[in-house]
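Reading the structure
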Amino acid sequence: MHRIHSDNRPIRAFPKDHPARATLIAHIKCRRQCIGREIAWPGHEAEAIDQEWYSVIDGRKSNFSGFAYSYLSFDLVLHEWLDQESPFDAHPTLAHISKLLGMLNECESACGKDENNGVLQLIPIVRRFLTLWDAATRHRESQNDTYAQNI
């Protein structure tokens, strides 16, 4: 269930500290630890956790589980790293990540007010993934200058 998408195979060969590879690994960990935590499985009902808040960013009521399903539960394919010969417009991705970090901050604030330690423990996992994704995106964008010089 939680795997690196097969399209990302070339990225697996990157050094362990490469931002794209680190992003993929953090995404797997994030999905594994954060998705489905609201489900009260039989015999484990007390382990179910979630957090609700009003998102100023989205202009509606949100919850951690909805955030996780909407913004973390997908197969991340880093196309920009698979085709490094083409210029890359990072702005849409960076804007999306910025929005998600803002929503995560809203959730974290609500968790603090509600003393929701279960979800509070998940926030750093999500933040790490989003921060690494941001760094990988910015790193790839910085390569545009190199590409432009070689044309």
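You'll find the structure just up there.
Please read these numbers as outputs of a predicted model, since none were measured by experiment.

Analysis parameters
- Residues numbered from 1 in each chain as written.
- Predicted model: local features only at pLDDT ≥ 70, side-chain atom pairs only at ≥ 80, totals over all residues.
- Heavy atoms only, no water.
- Phe/Tyr/Trp six-rings, centres within 6.5 Å; stacked < 30°, edge-to-face > 60°.
- Helix = DSSP H or I, 4+ residues; strand = E, 2+ residues; numbered from the N terminus.
- Buried < 20%, exposed > 50% of the residue type's maximum accessible area, 1.4 Å probe, protein only.
- Core = buried A, V, L, I, M, F, W, Y, C linked by side-chain atoms within 4.5 Å.
- Contact = heavy atoms within 4.5 Å.

With that settled, the discussion passes to the packing of aromatic side chains. Applying the stated criterion across every chain, the model contains five aromatic pairs. Through pairs of rings, three or more aromatic residues link up here, namely Phe 64, Phe 67 and Tyr 71.

This brings us to the environment of Ala 26. Summarising the element assignment, Ala 26 is placed in helix α2 (residues 19-34). Relative accessible area serves as the criterion here: at 8%, Ala 26 is assigned to the buried category. Put simply, Ala 26 and Phe 129 are 103 residues apart on the chain and 5.0 Å apart in space, counted from C-alpha to C-alpha.

Time to look at the nonpolar core. Formed by 38 residues in total, the largest nonpolar core has its most connected members in Phe 64, Phe 67, Leu 72 and Val 126. Of all the elements in the fold, those that place two or more residues in this core are α2, α3 (64-71), α5 (91-114) and α7 (123-150). If you tally residues by element for this core, the top one is α7, at eight residues. Those residues in contact with Phe 67 that lie beyond four places of it in its chain are Trp 53, Leu 72, Leu 100, Met 103, Leu 104 and Val 126.

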